[in-house]
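The chain contents come next:
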Amino acid sequence: MRMVGDMHISLLSRPLIWRAELSGCTPGCMGSAAIQRWRRRHDKARFVDWSGVGQFSLALCGGVVSFFFTNDNSNREDEPLLADKERQAVNILVDLFERRAPVSFYEGEPLKALATLAYSDINHLQLSAATAFSEISEMDARPVSREALEPILYLLQSPDIKVQHSASAALGNLAVNIENKLLIVRMGGLEPLIRQMLSPNIDAQINSVGCITNLATADENKMRIAKSGALLPLTRLARSREIRVQRNAAGALLNMTHSIEHRQQLIAAGAVPVLVELLASDDPELQYYVTTALSNIAVDEGSRQLLRDTQPTLVDALIHFVQSSTIKVQCQAILTLRNLASDEEYQLQIIKAGGLDSLLPLLHSTYDPLVVSASACLRNLSIHPENEEPILNSGVLPLLVNLITQSGNDEVQCHVISALRNLVANNDADKTPFAEAGLFDHMKIVLSDQNSSEVVIGEMAAALSVFVLDDSLWPYVLSGGFLELLVPLTRSHIVELQYNACATISSLAGKTSESSEACARLVQVWDKPDGGMQSYLAAFLAVDEGMDPLLRSVAIWTVMMLLESESPELVQLVLAHPSIIKNIDKIAQMGSLSETDPRLSAYTSDGGLRNSRGFDSEGYSPEDGDLSDENEDDDDIYQRLESMAQDVVALVQNLDR
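So, here's what we can say about the structure. Not measured: the values here are computed from a predicted model.

**Remarks on the overall build of the protein chain**
In step 1: A count of helices and strands for the protein chain gives 36 helices and 0 strands.
In step 2: The 657 residues of the protein chain split such that 59% are buried.
In step 3: A separation threshold of at least 6 residues defines the contact pool for the protein chain, and within that pool the share at least 24 residues apart is 76%.
In step 4: Roughly 27000 Å² of accessible area belongs to the protein chain as shown, and the carbon and sulfur atoms make up 49% of that amount.

Pasting the structure below:
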């Protein structure tokens, strides 16, 4: 029996974006008199030396990066003379700030004035331009042109760390916009940012890494970032003693974990042991970035093998975070455990490490994301047969059953019913306690509710197709009124839902040789609701090249079970149908088997019957993939169809004797 698991890629509700924060004065700090005095000094000017200013940190929103002019008259003889175009540019900018009129600094005369300062040989003018760009971009991060980015990228290559500092802040602010992200990288912005990452200056590291964090949210940029050599310094900076650098670096690494190719490149750069080390941090933001990155890395089978072989402390650290006081860290730690639990070894290890004791209380939470995460993890843990006993012994069964109807969350409903499905399929022990806990009552409520989503209905149908194969549960499926709910699902536009509904009905049809109740209930649904069984059987058996061969095979099997039943009424209903047997006969003649083929004598003159009474169904859910056996090619499927059809023809001939 195939177990049902689940994987999860953590995509943040909004991409992880870094914003610059810089303490300082706003333009309003400078009074109009001071501005006038400065303007009268048109032949000489400099901007303030911002010693001590430049505290940047990772944030989703930040303050304003500001600059102002000095009215300090000291050391005027050491100040460089401005060229006419520089003086003119300064006057234009001061006038604009003085008027405080709405204006775009990314085009026209304002941009030309800022570019003049950026390309100046005077360091203070460059610093002023960089600072202005950083402030403007904080307030206005619209899409900009190449002409607007060129002076900022030029300033990024300045030997002055303060100029670099403000220029990278400006790029980081602009890089919240998707068009700007792409343009910055296309114009060669990565190389100077990487050089700045290698700087010993903490502020330079914070800004450059923060900017790359933003650039890495664009899929087109990820490959260029990976190939640029940025992953190694990012990994190194994740070990920085400065928490702001660590956060930014971890955020950049996280943004590179959303595709398998980039995850493999991170592994090659040595990021895995660094991320695991960072789990020891006390900083909730860093914990969140690291657990989310590890959760995504754990999606890949090879990566899980690497984690299992090289990181023996990982599971214990994650279980510790399950009890974190920070909910988003809790959720991500659980999701990481969920992805790890796609492997049998981790399924056992998590339970043995006490993971169940940490997870189960969260199922009582009133916060949906926690319940979703916990139920998803339990779903994967329930796959391993050895985990059935500790899970059921924990007393969680009534809670899981109640969550089917009480959660009100589609994801929780899907995870819970899939976990119950796994627990039932694990072995042949008596599963009556599942029914006694009200499992089928709750399932019927959901299946009867017109507001239930197709995804939830699909999981319910897949679970029923497994429950009906269990000797202790199929009577509950039969007597619970599910046939009337399953027949309409055979006309669903979702193939896997059709398949599971049909497979469950077929398995119940397989009980007709031993259960008079099964016969009676199938007679009741022969022509109702929605045309009943006869309608979908006829539709699936119609000679139509577009019909799914697996739906056709389950229809043939169902007809075979009905003809083998102990109910003359059922047999007569099938034989009297105008197209069912005729179409099966056509399917049987599609092959080249001769009348003497032994498969045509599968039914002896004394009416000997097959031993199998259940359709060969493991249930199907969307994450299982293709409905067909991966080892079975198309020829095998159609040969099997022809063989079953020929068996039915032989049975009909035997009944006519």
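Still more ground to cover, so stick around.
**Section: the pattern of salt bridges**
In step 1: Within the structure shown, the criterion is met by 13 salt bridges.
In step 2: Linking Glu459 and Arg379 is a salt bridge whose minimum nitrogen-to-oxygen distance equals 3.5 Å. With a gap of 80 residues between them, Glu459 in helix H27 (residues 454-467) and Arg379 in helix H21 (residues 368-381) connect regions that are remote in the sequence. Assigned by exposure class, Glu459 and Arg379 land together as buried.

**A look at the side chain of Ser134**
In step 1: Topologically, Ser134 is positioned in helix H4 (residues 123-139).
In step 2: Looking at Ser134, its side chain comes within polar contact range of the main-chain oxygen of Thr131, at 2.7 Å.

**Observations concerning unusual backbone geometry**
In step 1: A cis amide bond links Lys528 with the next residue in sequence, Pro529, at an omega value of 0°.
In step 2: Tracing the chain through its elements places Pro529 in the loop between helix H31 (516-524) and helix H32 (532-541).
In step 3: Unlike most non-glycine residues, Asp530 shows phi in positive territory, near 50°.
In step 4: Within the secondary structure layout, Asp530 lies in the loop between H31 and H32.

**Side note on the packing of H32 against helix H33 (residues 549-563)**
Geometry of a packed helix pair, given as the angle between the helix axes and the separation of the axes.
In step 1: Contact geometry of H32 with H33 gives a least axis separation of 8 Å together with a crossing angle of 130°. The orientation of H32 with respect to H33, classified from their angle, is oblique. The two elements H32 and H33 meet at a crossing, and its hand is left-handed. Where H32 abuts H33, its residues Met533, Tyr536, Leu537, Phe540 and Leu541 lie against Leu551, Arg552, Ala555, Ile556, Thr558, Val559 and Leu562.
In step 2: Partitioned by chemical class, the residues of the contact of H32 with H33 number 10 nonpolar, 1 polar and 1 charged.

**Comments concerning the packing of aromatic side chains**
In step 1: Evaluated as defined, the whole model comprises 6 aromatic pairs.
In step 2: On the numbers, 6.0 Å between centres and 50° between planes, the contact of Tyr288 with Tyr289 is tilted.
In step 3: When the ring of Phe440 is compared with that of Phe482, the centres are 6.1 Å apart and the planes differ by 70°; the resulting orientation is edge-to-face. With Phe440 in helix H26 (residues 439-448) and Phe482 in the loop between helix H28 (474-479) and helix H29 (483-489), the pair connects residues that are 42 residues apart, well separated along the chain.

**So, the nonpolar core**
In globular proteins that are soluble, nonpolar side chains generally tend to be buried together.
In step 1: Formed by 197 residues in total, the largest nonpolar core has its most connected members in Leu420, Met443 and Phe467.
In step 2: It is H33 that contributes the most residues to this core, 11 residues altogether.
In step 3: Not counting residues within four places of it along the chain, the set of residues in contact with Leu420 comprises Leu397, Leu400, Val401, Ile404, Phe434, Leu439 and Phe467.

**Structural notes on helix H30 (residues 495-509)**
In step 1: A rise of 1.5 Å per residue sets the reference length of H30, with its 15 residues, at 21 Å; its end C-alpha atoms lie 21 Å apart and thus fit the reference within 8%.
In step 2: The element H30 is largely enclosed, with a buried count of 13 among its 15 residues.

**Topic: the packing of H26 against H27**
In step 1: For the pair H26 and H27, the least separation of the axes is 10 Å and the interaxial angle reads 145°. The hand of the H26/H27 crossing is left-handed. On H27, the residues that touch Leu439, Phe440, Met443, Val446 and Leu447 of H26 are Val456, Ile457, Met460, Ala463, Leu464 and Phe467.
In step 2: Here the residues of the contact of H26 with H27 sort into 11 nonpolar, no polar and no charged.

**Section: the environment of Leu573**
In step 1: With respect to the helices, strands and loops of the structure, Leu573 is situated in helix H34 (residues 568-576).
In step 2: It is 9.9 Å that separates the C-alpha atoms of Leu573 and Asp527, two residues lying 46 residues apart in sequence.
In step 3: Discounting residues that sit within four places of it in the chain, Leu573 has contacts with Val523 and Trp526.

**Considerations on the environment of Ile194**
In step 1: Secondary-structure assignment places Ile194 in helix H8 (residues 190-197).
In step 2: A sequence separation of 34 residues divides Ile194 from Ser228, and the C-alpha atoms of the two residues are 8.4 Å apart.
In step 3: Once residues lying within four places of it in the same chain are set aside, the contact partners of Ile194 are Ile212, Ser228, Gly229, Ala230 and Pro233.

Thresholds applied
Residues numbered from 1 in each chain as written. Predicted model: local features only at pLDDT ≥ 70, side-chain atom pairs only at ≥ 80, totals over all residues. Heavy atoms only, no water. Helix = DSSP H or I, 4+ residues; strand = E, 2+ residues; numbered from the N terminus. Buried < 20%, exposed > 50% of the residue type's maximum accessible area, 1.4 Å probe, protein only. Contact = heavy atoms within 4.5 Å. Areas by Shrake-Rupley, 256 points an atom, 1.4 Å probe, with all protein chains shown as cover. Salt bridge = Lys/Arg side-chain N within 4 Å of Asp/Glu carboxyl O. Polar contact = N/O pair within 3.5 Å; in protein donor to acceptor, adjacent residues only side chain to side chain. Axes fitted to C-alpha atoms, helices over the stretch in contact; angles between N-to-C directions. Parallel < 35°, antiparallel > 145°, perpendicular 65-115°, else oblique. Left-handed = near helix turned anticlockwise from the far one by under 90°. Nonpolar A, V, L, I, M, F, W, Y, C, P; charged D, E, K, R; others polar. Phe/Tyr/Trp six-rings, centres within 6.5 Å; stacked < 30°, edge-to-face > 60°. Core = buried A, V, L, I, M, F, W, Y, C linked by side-chain atoms within 4.5 Å. Expected span 1.5 Å × (residues − 1).

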